[in-house]
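Read off the chains here:
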2 protein chains.
Amino acid sequence: MAKVKKQPRPKAVTPKGFRDYFGAEVTQRKAMLDQISEVYQLYGFEALESSAVETVEALGKFLPDVDRPNEGVFAWQEDDDAEWLALRYDLTAPLARVYAQYRNDLPTPYRRYAMGPVWRNEKPGPGRFRQFYQCDADTVGASSVAADAEICAMLSDTLEAVGIPRGDYIVRVNNRKVLNGVMEVAGLSGDDKEAERGIVLRAIDKLDRLGTDGVRALLGKGREDESGDFTKGAGLNEEQADVVMGFMEAKRASGTETVARLRELVAASEIGVAGVQELETIAELMAAQGYGPDRIVIDPSVVRGLGYYTGPVYEAELTFEIKDEKGRPRQFGSVAGGGRYDDLVKRFTGQEVPATGVSIGVDRLLAALQAKGRMTKETVGPVIVTVMDRDRMAHYQSIVGELRAAGIRAEVYLGNPKNFGNQLKYADKRNSPLAIIEGSDEAERGVVQVKDLVLGAEIAKTASLEEWKGQPAQSEVKRSELVAVIKKMLG
Amino acid sequence: MAKVKKQPRPKAVTPKGFRDYFGAEVTQRKAMLDQISEVYQLYGFEALESSAVETVEALGKFLPDVDRPNEGVFAWQEDDDAEWLALRYDLTAPLARVYAQYRNDLPTPYRRYAMGPVWRNEKPGPGRFRQFYQCDADTVGASSVAADAEICAMLSDTLEAVGIPRGDYIVRVNNRKVLNGVMEVAGLSGDDKEAERGIVLRAIDKLDRLGTDGVRALLGKGREDESGDFTKGAGLNEEQADVVMGFMEAKRASGTETVARLRELVAASEIGVAGVQELETIAELMAAQGYGPDRIVIDPSVVRGLGYYTGPVYEAELTFEIKDEKGRPRQFGSVAGGGRYDDLVKRFTGQEVPATGVSIGVDRLLAALQAKGRMTKETVGPVIVTVMDRDRMAHYQSIVGELRAAGIRAEVYLGNPKNFGNQLKYADKRNSPLAIIEGSDEAERGVVQVKDLVLGAEIAKTASLEEWKGQPAQSEVKRSELVAVIKKMLG
């Protein structure tokens, strides 16, 4: 028999741009998703979990980053004749497919929420992963901007529900129709100007990062960044660029003033005026429901990168400062956004179906709460029953059985029990509050030792060796009273 | 300008073998995952959410269905030089990778639970999808069979926690070492007999479906199924097949008797005897903790399809009958399974790391509860505030605002309000308990109409037209008392 060639060992690594989440990272995200979905449900939205895999044809091409190979998605083909499949890159494109597929069975309007991972085939960077969570709510089949206003109100309620206090966030609202009006006024409205409009859109979206000079450069000939990379501009002349810059800087002290300024800017454009009118209606609805400018404002600099928006667009920004990797203060920035996309369902059905919705970047929101120190990374571990005597395993298991029956998280140490120190080290690594010790001596006397590991750690920090040996953190408890005592200790 | 060729509309379909989940299907699964993870946590397991995407190299080849192209996974390569990536096909292979990658930081034993979708590139069938949920718990780094026994006990507790009463399920335990012993006795232990062992394993795993005659055929020359397809057998002679069949039929009335019979069968094999010894220890531990044969039994016919098991294997089966598509009664079958796999981490590190764990097929378990009528497919919808007067939208929004503030699920109808009948049809489709109606007349008088849609539907079924017109299901409520009244009505 031929000698079998030994295969090299596989590398134990996550693929580039992917990561794993441990313990509290998982349970805290789950808790946040629970809080968000509770608000969404209160607003009448129903759950939907669509398939993570879609046909590439159904997903469409809506990611801003269209220049890259695979166009931003992870896609594959089973064999040469088979259709291309891909992982969803957001939760909106699948919703459009679901609504088109089931529209005869679904209520109209269809109000659904969805949460789960999405995948982007993009260049990973610090804090930028290729798999991340989104949590969306959308209303399909409602053309009224009341639907948009409602989602802005819900977004505000949701941020407060997950622990961002009023004043630490702002929901900013704009309207793509106003932007289209600006394009018209600037002479950029023809079919042959689509590429230029795209560059203008992306330039405005980068205002936060590049400042007005950077945006202005992108509106004109282009911009060279610090690394020397050159980004081609939209090629607008001074006058055209002035119109766009005027729009971005139209924000005034109050919503009424901002709307008035926008009305001036787009007076010559029918669609622009319609957009201003919609903004006005949203502002009125918000005011009537008590959502003042401390929560929701009209802001012309909001455009949202995605190409499919057709009306109101909105964005939630956290306004507090955090420290970046180098300790410099910076604004935390956007954690959620959305808008109206009246053409996504039409792709499938040929009929226009109005729709609007929001997507919350759950991982970013979690990072924000962590940065503000509102979340610890630790969970309380289980009570550990140590193993002094291997033959008494069944007995130790019955102790944890009793504890669990009383609702107390507990486990027997299942590693090699030979080295007792390792058992306590394990309890420490698990962040266990208590360890239980029962050797044959204790068993005979009908008692167990309970070691308070939290207090023990405190004492270890400050106490002398003599004090430590006195073991004030350890006490003897009657076996029959164990559950009651532990319940009390964990209080 | 050249005329742009019109692209055909994309098809609004889920890819073959995938599906979407709506409303209660999502929330009920979530509730079940919550119940399961609560038990897992009580037993001391920590959450882990690994990346859904792995390198193909790290995933390894452990699916039973090795003959197919792509070997059962969805895989892709970004470009010709890049490494192959794939969607995880279970939660165990990723755990082995995670443990190997982070072993210096993780506690040992590492006890983790995980839940989420997994993907299989397999032929879809009725009720058989290419994306489904698993919910796993594993202990890595514990060689003691106490770890296996604990997982069997936890599996039993978990099934009861999700609503399967004792008596409606059974956890069956076996040991691969016993099976290896049987292979040895049957003369199938050499490296050159690997293919035959694989066929024997898969044949035993199909006992439920094929019966003893079918299995016996597969142990011998092979078997032709009803459709005429022929499956090649292991080519065992009569004597060899007798040994294997004797093992499968070794189950006796009590665990002690079964173990005694197994001991006879594998007496000539060292590894077989070691396996019997482990089974005995597990049986003792279970008995000491009060898990009797009404919950957990030793059963030699359990082998589990996956190739990587090395010791104890276990499986939870629901024992009640359900009706199949054709109305015939059948056993529901397996909903969870697992076992010991001491070599999975070794693939990466070269060092053997003992591990054992269970995987619950959450979607199957949900289907079982539905089949037993223990779950409805409906959720209670929101209270619907109808729109009688478009100009009063802000006012209607303030009504739902008040209701939501009181914790009542509510929404304003956001579709076209012109046809009032459509609004009530919408409320019906949403399964709404109540609709609120406020026209200008009511607004002037400071009242609203509340329509009890549940009662209304009841009356509509039985009442005459006259009675129906009397509208006993509708009542007038003072606007100022609305929230209190609705709270009481939903009470």
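Before reading on, note that the structure itself is shown above.
Positions within a chain are numbered from 1, following the residues in the order the chain's sequence is written. Lettering for chains starts from A, numbering for ligands starts from 1, and both go in the order in which the items are written. A pLDDT threshold of at least 70 governs which residues receive local features in this predicted model, and a stricter bar of 80 or more applies before side-chain atom pairs are shown or counted, although totals over entire chains, interfaces and linings include all residues. Side-chain calculation: all heavy atoms of the structure are included, whereas hydrogens and water are not.

S.K.: Before we go on, may I ask you to explain the overall build of chain A in this structure?
M.R.: The number of helices and strands found in chain A is 18 helices and 19 strands. Exposure is judged per residue with a 1.4 Å probe applied to protein chains only, and the accessible area is read against the type maximum: over 50% gives exposed, under 20% gives buried, and values in between give partly exposed. Of all 491 residues assigned to chain A, the portion counted as buried reaches 53%. Long-range pairs, those at least 24 residues apart, make up 68% of the contacts in chain A with a sequence separation of at least 6. Computed with a 1.4 Å probe, the accessible areas rest on the Shrake-Rupley method; for each residue, only the protein chains presented here act as cover. Summing over all exposed atoms, chain A offers an accessible surface of approximately 22,300 Å²; the carbon and sulfur share of this is 49%. We count Lys and Arg on the positive side and Asp and Glu on the negative side, and we leave His and both chain ends out. Taken as the charge location is NZ of Lys, CZ of Arg, CG of Asp or CD of Glu. Between the averaged position of the 66 positive side-chain charges in chain A and that of its 75 negative side-chain charges there is a distance of 6 Å. Every helix listed is a DSSP run of H or I at least four residues long, and every strand listed is a run of E at least two residues long, numbered separately from the N terminus. We call two residues in contact whenever any of their non-hydrogen atoms come within 4.5 Å of each other.

S.K.: I would appreciate a short explanation of the pattern of salt bridges in the present structure.
M.R.: If charged atoms from side chains of opposite charge come close, those side chains can pair. The term salt bridge refers to a pairing of a side-chain nitrogen on Lys or Arg with a carboxyl oxygen on Asp or Glu at a separation within 4 Å. Taken as a whole and assessed by the stated rule, the structure comprises 65 salt bridges over all chains. A salt bridge links Arg404(A) to Glu150(B); its shortest N-O distance comes to 3.2 Å. With one member in each of two chains, Arg404(A) in helix α13 (residues 393-405) and Glu150(B) in helix α4 (residues 146-161) form a pair that bridges those chains. Each member of the pair, Arg404(A) as well as Glu150(B), is classed as buried. Salt-bridge contacts for Glu476(A) lead to Arg445(A); the nearest nitrogen and oxygen are separated by 2.8 Å. In this pair, Glu476(A) sits in strand β19 (residues 474-478) while Arg445(A) sits in helix α15 (residues 440-445), placing the two residues 31 residues apart along the sequence. Since its relative accessible area comes to 43%, Arg445(A) is described here as partly exposed.

S.K.: Help me out: how do you make sense of the relation of the copies chain B and chain A in this one?
M.R.: The relation between the two copies of this chain is a rotation about an axis and a shift parallel to it. For this overlay, a least-squares fit was computed on C-alpha atoms, restricted to residues scoring pLDDT of at least 70 in both copies. Of the transformation superimposing chain B on chain A, the axial component is 0.0 Å and the angular component is 180°, with the fit at an RMSD of 0.1 Å. Considering both components of the superposition, the chain copies are consistent with a two-fold axis. Relative to the rotation axis, the closest C-alpha in chain B is found at Trp76(B), a distance of 2.7 Å. By residue overlap, the copies meet face to face through one surface: 100% of the interface positions of chain B are interface positions in chain A.

S.K.: I'm lost on the pairing of strand β14 (residues 355-361) of chain B in this one. Help?
M.R.: Each regular strand displays side chains that alternate between the two surfaces of the sheet. All names here are of chain B. Among the seven residues that make up β14, six are buried, leaving the element largely enclosed by the rest of the structure. Here a strand pair is declared whenever DSSP counts at least two bridges between the two strands. As paired strands, strand β7 (residues 131-140) and β14 are joined by seven bridges and run antiparallel to one another. Paired with Thr 139 across the bridge in β14 is Thr 356. Of the pairings in the sheet, the one linking strand β13 (residues 329-340) to β14 comprises five bridges and is antiparallel in character. What sits directly across from Gly 338, in β14, is Val 358.

S.K.: Which parts of the structure should I look at to understand unusual backbone geometry?
M.R.: Glycine aside, negative phi is the norm for most residues, and most peptide bonds take the trans geometry. Residues and elements named next belong to chain A. Here Thr 108 and Pro 109 are connected by a cis peptide whose omega angle stands at 0°. Within the secondary structure layout, Pro 109 lies in the loop between α3 (92-102) and β6 (110-119). Although it is not a glycine, Asn 431 sits at a positive phi angle of roughly 60°. Relative accessible area serves as the criterion here: at 31%, Asn 431 is assigned to the partly exposed category.

S.K.: Help me out: how do you make sense of the sheet that holds strand β5 (residues 84-87) of chain A in this one?
M.R.: Two strands in a sheet stick together by hydrogen bonds in their backbones, pointing the same way (parallel) or opposite ways (antiparallel). Residues and elements named next belong to chain A. As summarised here, the arrangement of the three strands in space is β3-β5-β4, forming an open sheet in which the pairing is antiparallel. The strands lining the two open edges of the sheet, one partner per strand, are β3 (53-55) and β4 (75-77). Averaged over all pairs of adjacent strands, the angle between strand axes in this sheet comes to 35°, irrespective of strand direction. Strand direction decides the pairing type here: β3 and β5, joined by three bridges, are antiparallel. Directly across from Val 53, in β5, lies its bridge partner Leu 87. Lines are fitted to the C-alpha atoms to define the axes, a helix being fitted only along its stretch in contact, and any angle between axes, read from their N-to-C directions, falls within 0 to 180 degrees.

S.K.: Quick question: what am I supposed to make of the sheet that holds strand β4 (residues 75-77) of chain B here?
M.R.: Residue and element names in this part refer to chain B. One open sheet holds the three strands; their spatial order is β3-β5-β4, and the pairing between them is antiparallel. Since the sheet does not close on itself, it has two edges, and those belong to β3 (53-55) and β4, each with one partner. In this sheet, neighbouring strand axes are inclined to one another by 35° on average, regardless of whether the strands run parallel or antiparallel. Bridging between β4 and strand β5 (residues 84-87) involves three bridges; their strand directions are antiparallel. Opposite Ala 75, over in β5, you have Ala 86 as the bridge partner.

S.K.: Would you explain the packing of helix α1 (residues 24-42) of chain B against helix α12 (residues 362-371) of chain B in this entry?
M.R.: A packed helix pair is summarised by two numbers, namely the angle formed by the two axes and the spacing between the axes. All names here are of chain B. At a minimum axis distance of 10 Å, the contact between α1 and α12 shows a crossing angle of 110°. Considered as vectors, α1 and α12 are oriented roughly perpendicular to each other. At the point where α1 passes α12, the crossing takes the right-handed sense. Between α1, through Gln 28, Arg 29, Met 32, Leu 33 and Ile 36, and α12, the contact on the second element is made entirely by Val 362, Asp 363, Leu 365, Leu 366, Leu 369 and Gln 370. Just so you know the grouping, Ala, Val, Leu, Ile, Met, Phe, Trp, Tyr, Cys and Pro go in nonpolar, Asp, Glu, Lys and Arg go in charged, and all remaining residues, Gly too, go in polar. Looking at the contact of α1 with α12 residue by residue, the classes come out as seven nonpolar, two polar and two charged. In these notes the angle categories are as follows: under 35 degrees is roughly parallel, over 145 is roughly antiparallel, 65 to 115 is roughly perpendicular, and the rest is oblique. Note on convention: the crossing is left-handed when the near helix lies turned anticlockwise from the far helix by less than a right angle, right-handed when the turn is clockwise.

S.K.: Help me understand the side chain of Ser37(B) in this model?
M.R.: Positionally, Ser37(B) belongs in helix α1. A 3.5 Å cut-off defines polar contacts: any pair of N or O atoms within that distance qualifies, except that in protein one atom must be a possible hydrogen donor and the other a possible acceptor, and neighbouring residues in sequence count only when both atoms are side-chain atoms. Of the polar contacts made by the side chain of Ser37(B), one reaches the backbone oxygen of Asp34(B); its length is 3.2 Å.

S.K.: Just to check I follow, could you spell out helix α7 (residues 207-219) of chain B for this structure?
M.R.: One turn of the α-helix equals 3.6 residues, which is why residues spaced by three or four share an orientation. All names here are of chain B. A helix is expected to span 1.5 Å for every residue after the first. The end-to-end C-alpha distance of α7 is 12 Å, clearly below the 18 Å that 13 residues give at a rise of 1.5 Å each. For α7, the principal kink sits at Asp 213 and spans about 75°. Along α7, the positions that sit buried rather than exposed are Leu 210, Gly 214, Val 215, Leu 218 and Leu 219. On the buried face of α7, the contacting elements are α6 (194-205), β9 (222-224), β10 (230-232) and α8 (238-248). Bending is quantified residue by residue as the angle between axes fitted to the seven-residue window ending at that residue and the seven-residue window starting at it.

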